[in-house]
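# Descriptive structure summary
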Amino acid sequence: MFQQSIKQCGFVAYQSRTKTFLQPTTNTVEEPLDLIRLSLDERIYVKMRNDRELRGRLHAYDQHLNMILGDVEETVTTVEIDEETYEELYKSTKRNIPMLFVRGDGVVLVAPPLRVG
Amino acid sequence: ECFKKKKKQPTATLTVQLTLACVSAPQLFYSFFKSLVGKDVVVELKNDLSICGTLHSVDQYLNIKLTDISVTDPEKYPHMLSVKNCFIRGSVVRYVQLPADEVDTQLLQDAARKEAMQQKQ
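Residues numbered from 1 in each chain as written. Chains lettered and ligands numbered in written order. Predicted model: local features only at pLDDT ≥ 70, side-chain atom pairs only at ≥ 80, totals over all residues. Heavy atoms only, no water.

## Topic: a negative patch on the surface
Where like charges cluster on the molecular surface, the negative patch consists of Asp82(A), Glu83(A), Glu84(A) and Glu87(A). Following the sequence through the fold, Asp82(A) ends up in the loop between β5 (67-81) and β6 (88-102). (Patch = residues over 30% accessible without salt bridge, like charges linked within 9 Å, V, L, I, M, F, W, Y side chains within 5 Å. Areas by Shrake-Rupley, 256 points an atom, 1.4 Å probe, with all protein chains shown as cover. Salt bridge = Lys/Arg side-chain N within 4 Å of Asp/Glu carboxyl O. Lys, Arg positive; Asp, Glu negative; His and termini not counted. Charge placed at Lys NZ, Arg CZ, Asp CG, Glu CD. Helix = DSSP H or I, 4+ residues; strand = E, 2+ residues; numbered from the N terminus.)

## Let's talk about the pairing of strand β3 (residues 43-48) of chain A
Residue and element names in this part refer to chain A. Alignment of β3 against strand β4 (residues 52-61), held across six bridges, turns out to be antiparallel. Counterpart to Arg-43 in the pairing with β4 is Arg-57. With four bridges connecting them, β3 and strand β7 (residues 107-111) associate as antiparallel partners. Residue pairing for β7: Lys-47 is matched across the bridge by Leu-109. (Pairing = 2+ DSSP bridges.)

## Looking at the sheet that holds β4(A)
What the ten strands build is an open sheet, ordered β7(A)-β3(A)-β4(A)-β5(A)-β6(A)-β5(B)-β1(B)-β2(B)-β3(B)-β4(B); its pairing is antiparallel. In this open sheet, the two strands that pair with only one neighbour each are β7 of chain A together with β4 (85-88) of chain B. Taken over all neighbouring pairs, the strand axes of this sheet differ in orientation by 35° on average, direction set aside. Strand direction decides the pairing type here: β4(A) and β5(A), joined by eight bridges, are antiparallel. When the bridges of β5(A) are listed, Ala60(A) appears paired with Ile68(A). Against the sheet, helix α3 (residues 105-120) of chain B contacts β4, β5 and β6 of chain A, and its axis sits at roughly 85° relative to β4(A). (Axes fitted to C-alpha atoms, helices over the stretch in contact; angles between N-to-C directions. Contact = heavy atoms within 4.5 Å.)

## Thoughts on the packing of aromatic side chains
Following the criterion strictly, the structure yields three aromatic pairs over all chains and no others. Judged by centre distance (4.9 Å) and plane angle (80°), the ring pair of Phe101(A) and Phe33(B) falls under edge-to-face. With Phe101(A) in strand β6 and Phe33(B) in helix α2 (residues 28-34), the pair connects residues from two separate chains. Here Phe101(A) matches Phe33(B) in class, with each residue buried. (Phe/Tyr/Trp six-rings, centres within 6.5 Å; stacked < 30°, edge-to-face > 60°. Buried < 20%, exposed > 50% of the residue type's maximum accessible area, 1.4 Å probe, protein only.)

## Some thoughts on the nonpolar core
Membership of the largest hydrophobic core comes to 47 residues, with the highest contact counts inside it found for Phe33(B), Leu66(B) and Leu98(B). For this core, the element with the highest residue contribution is β6(A), accounting for five residues. Beyond its immediate stretch of four places on either side in the chain, Phe33(B) contacts Phe101(A), Leu55(B), Val58(B), Leu62(B), Val96(B) and Leu98(B). (Core = buried A, V, L, I, M, F, W, Y, C linked by side-chain atoms within 4.5 Å.)

## Re the environment of Ala112(B)
Mapped onto the elements of the fold, Ala112(B) is located in helix α3. For Ala112(B), the residues in contact, after removing those within four places along its chain, are Leu40(A), His59(A), Ala60(A), Tyr61(A) and Leu28(B).

## What to know about the pairing of β4(B)
All names here are of chain B. Alternating positions in β4 separate cleanly, Cys-86 and Ile-88 being buried on one face and Asn-85 and Phe-87 remaining unburied on the opposite face. Judged from the four bridges that link them, strand β3 (residues 64-71) and β4 form a sheet pairing that is antiparallel. The partner of Lys-65 across the bridge, within β4, is Phe-87.

## Description of unusual backbone geometry
Generally, phi is negative for residues other than glycine and the peptide bonds are trans, each holding for most cases. Residues and elements named next belong to chain A. One non-glycine residue, Asp-51, lies in the positive phi region at around 55°. Within the fold, Asp-51 resides in the loop between β3 and β4. Residue class for Asp-51 comes out exposed when judged on its relative accessible area of 55%.

## Concerning the confidence of the model for chain B
Predicted coordinates in areas of low pLDDT are best not read in detail. Residues and elements named next belong to chain B. Per-chain confidence: chain B averages 83 in pLDDT, with 77% of residues scoring 70 or above. Summarising per-element confidence for chain B, the mean pLDDT is lowest in helix α1 (residues 16-23) (50) and highest in strand β5 (residues 93-97) (97). Of the regions scoring below 50 in pLDDT, residues 10-14 engages in four contacts with residues more than four places distant in sequence or in other chains. On the interface metric, ipTM, the complex scores 0.77, and its pTM is 0.77. (pLDDT = per-residue confidence, 0-100.)

Here is the structure:
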């Protein structure tokens, strides 16, 4: 049941407040989740269901795309339609949350933060 | 020397999160929430209801039990004035707002890297 090949290319030392950890690591990016691993401790952009977007610092994730984000700004976009003119008015609501757990089943897209211009 | 693999057991200062992440693979967030039992959190559900309470317990499905709850946000949603404790099915959770100072981000990042490695193998 377990794969025989172990794709380790070496060890990397990671420092926490109290300890240094040695973790086996592969530096090759093999699957999409590896791309997310490269973004740990970086700011990312997350698009979610129901026209929501998050921008925050990625602290943890798992294969379900459950995530812990720090310093998060959530943007909720709504469309209001004028009854007479049928004009579409796009409104967005933002709020800031210092530390947030996001359940993976709401996540649609994970990317580096969008740079304007 | 610093690359010699150390086999000694994690000391008591190491939190529950990282220790349990080593034991069985898909347990990162379960362990993380267990380390937050007793802290105040705000659970935002997919139906837009936000519930503030003390985290009493969590399970492998990330079902949550909260005690001493109150509805945050203007109480425009179900008035649960008489409800003190509740059980929330994990699948209806959208967000859990956490106290930032209770979270060791460095440890979390290390645990996430480990978990990612374990998932691949």
